[in-house]
Amino acid sequence: MTVLPTRVLKISACAAALLAIAACGQGSSGGAANQKARAGVWAAGSSTVFPFVTRVAENFGRANPGGAQPRVEALGTGGGIQAFCGGIGPSFPDIANASRQMKQSEFDRCVANGVTDIIELKVGYDGIVVATARNGNSFDLKLEDLYKALGKQVPDASGALAANTVTNWSQVNPALPNQRIQVYGPPPTSGTRDAFLELGMAPGGEKLPAVAALKSDKEKFESVTHTLREDGAWIDSGENDNAIVQTLTRTPGSLGVFGFSFLEQNMDTVKAETIDGVAPSIEAIADGSYPLARSLYIYVKKAHIGVIPGLQEFVLEFMSDGAAGRGGYLQDRGLVPLSAEALAAERAKASALTSMARPD
């Protein structure tokens, strides 16, 4: 593992005290009295990014047997960023793992709590798959099929938006199997759900004239296309994608929405369905031809670099060719790698501690 020298950072006396002896009480964790010094790296967030960060943590721990072992938690992208943005100090994660980019509102919350320098690193790609049990019917889904099956409001016979009442996939599209619409997927705190809404539901709704007409009002369009049914057709299934995979084998006829890496680990029991005629694969996700391809990120708290032992070294291990590069050990875990040039650019940001700008 190549480790670049840790840079000496100029951080406030208050932040340094929080990290070393918890003396300033910044953030929302109950004040300095409840904070304790921490030695190991702490990463929290996306369940999709979790197995990749866990693998880096395992390698990092083996290479540094005398140090504190990294702590990795799967809280969902929203939950991880919320914890990360809580403040500076040992009571808050050093890294937020995310299966989507940080939102403007989340960035603003960070800043309000003193987290003013954040390093955004794209670590690779993933695809969101719509899958069934290996022995289930096959689906060739179109984006508009996803919207017409799962959107809370859909056009009725007159073209007006109304409550979605379809019960079978064949009602959505006669070419689809005549079976009940029952889709297990991630909850609202999940970045996978956010990405599914952004990449699947919104473009699917846009193909329907009555929904596309709402685009002149961005808030209305997003409100309609980002709202899933609540009548049992879509079932929130927690942050654990493996639990969704297992549900498909126990619930005949059901479909599941989860990350591509979990598909690769369970090919013996589940299969992915095509979206607009494209099957999810490493190649289709990397070149963007698969409609539900997305980027994965980690966010690093700059004020913790140089104070939490091993933090920058951990990040540089993550961004190394041996980990996140093509043929690296994270590709074996299911990460779709960046190009060599793109990974080098992200690694340069990690080495230079380049802070991100406020999201658009």
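Here the structure is a predicted model, which means the values were calculated and not measured.

Thresholds applied
- Residues numbered from 1 in each chain as written.
- Predicted model: local features only at pLDDT ≥ 70, side-chain atom pairs only at ≥ 80, totals over all residues.
- Heavy atoms only, no water.
- Core = buried A, V, L, I, M, F, W, Y, C linked by side-chain atoms within 4.5 Å.
- Buried < 20%, exposed > 50% of the residue type's maximum accessible area, 1.4 Å probe, protein only.
- Helix = DSSP H or I, 4+ residues; strand = E, 2+ residues; numbered from the N terminus.
- Contact = heavy atoms within 4.5 Å.
- Arc of directions from axis to C-beta.
- Salt bridge = Lys/Arg side-chain N within 4 Å of Asp/Glu carboxyl O.
- pLDDT = per-residue confidence, 0-100.
- Axes fitted to C-alpha atoms, helices over the stretch in contact; angles between N-to-C directions.
- Parallel < 35°, antiparallel > 145°, perpendicular 65-115°, else oblique.
- Nonpolar A, V, L, I, M, F, W, Y, C, P; charged D, E, K, R; others polar.
- Polar contact = N/O pair within 3.5 Å; in protein donor to acceptor, adjacent residues only side chain to side chain.
- Disulfide = S-S within 2.5 Å.

A.B. asks: In this structure, what is going on with the nonpolar core? I would like to understand it.
C.D. replies: Among soluble globular proteins, nonpolar side chains are generally buried collectively. Of all hydrophobic cores here, the largest spans 81 residues; its most connected members are Phe196 and Phe258. With 8 residues, the single largest contributor to this core is strand E4 (residues 118-133). In contact with Phe258, not counting residues within four places along its chain, are Gly127, Ile128, Val129, Ala131, Thr192, Asp241, Ile244, Val245, Leu248, Leu263 and Val270. If you look at the next biggest cluster of nonpolar residues, it comprises 15 residues, including Ile81, Tyr297, Ala303 and Met356.

A.B. asks: How should the environment of Ala243 be read in this particular structure?
C.D. replies: Structurally, Ala243 can be placed in helix H10 (residues 241-250). Take Ala243: its relative accessible area is 26%, and that puts it in the partly exposed class. A C-alpha to C-alpha distance of 9.8 Å links Ala243 and Gly185, two positions 58 residues apart in sequence.

A.B. asks: How should I be thinking about helix H9 (residues 218-225) in this particular structure?
C.D. replies: In an α-helix, one turn spans 3.6 residues; hence positions three or four apart end up facing the same way. Residues of H9 that are buried: Phe221, Val224 and Thr225. An end-on view of H9 places all buried positions within 90° of arc, on one side of the element. For H9, the elements touching its buried residues are helix H5 (143-150), strand E6 (153-155), strand E7 (161-163), helix H7 (191-206) and helix H8 (209-212).

A.B. asks: Would you take a moment to explain the pattern of salt bridges for this structure?
C.D. replies: One side chain can pair with another of opposite charge once the charged atoms of both are near each other. In the structure shown here, the tally under the stated rule is 14 salt bridges. Arg333 serves as the salt-bridge partner of Glu58, at 3.8 Å between the closest nitrogen and oxygen. Here Arg333 lies in helix H15 (residues 329-333) and Glu58 lies in helix H2 (residues 50-63), a separation of 275 residues in the sequence. Between Glu206 and Lys215 there is a salt bridge whose closest N-O contact spans 2.8 Å.

A.B. asks: What exactly am I supposed to notice about the confidence of the model for the chain here?
C.D. replies: Should the pLDDT be low somewhere, the predicted coordinates at that spot are not to be read in detail. Overall, the predicted model of the chain reaches an average pLDDT of 89, with 90% of residues at or above 70. Confidence drops under pLDDT 50 across residues 1-35; counting only partners more than four residues distant or on other chains, this segment forms 75 contacts.

A.B. asks: Would you mind showing me how to read the packing of helix H13 (residues 311-318) against helix H16 (residues 340-352) here?
C.D. replies: Relative placement of two packed helices is described by the angle separating their axes and the distance separating the axes. It is at 10 Å that the axes of H13 and H16 come closest, and there the two elements cross at 175°. In terms of orientation, H13 lies roughly antiparallel with respect to H16. Residue-level contacts link Gln312, Val315 and Leu316 of H13 to Arg347, Ala350 and Ser351 of H16. Of the residues contributing to the contact of H13 with H16, the split by class is 3 nonpolar, 2 polar and 1 charged.

A.B. asks: I'm lost on the side chain of Arg100 in this one. Help?
C.D. replies: For Arg100, the location among the structural elements is in the loop between strand E3 (95-98) and helix H4 (104-112). Note on Arg100: relative accessible area 10%, which makes it buried. A distance of 2.8 Å separates polar atoms of two side chains, one belonging to Arg100 and the other to Glu106. Polar side-chain contacts of Arg100 include one of 2.6 Å to the side chain of Asp194. Arg100 has contacts with Thr77, Gly78, Ile81, Glu106, Gly191, Asp194, Ser295, Tyr297 and Tyr299, leaving out every residue within four places of it along the chain.

A.B. asks: I'm lost on the state of the cysteines in this one. Help?
C.D. replies: Note on terminology: disulfide describes a covalent bond linking the sulfur atoms of two cysteines. Here the structure, examined in full by the defined rule, presents 1 disulfide. Disulfide pairing places Cys85 opposite Cys110 at an S-S distance of 2.0 Å. The sign of the S-S torsion, about -75°, decides the handedness of the disulfide formed by Cys85 and Cys110: left-handed. Of this pair, Cys85 sits in the loop between helix H3 (77-84) and E3 while Cys110 sits in helix H4, and the two are 25 residues apart along the sequence. For the residue pair Cys85 and Cys110, the accessibility class agrees, reading buried in each case.

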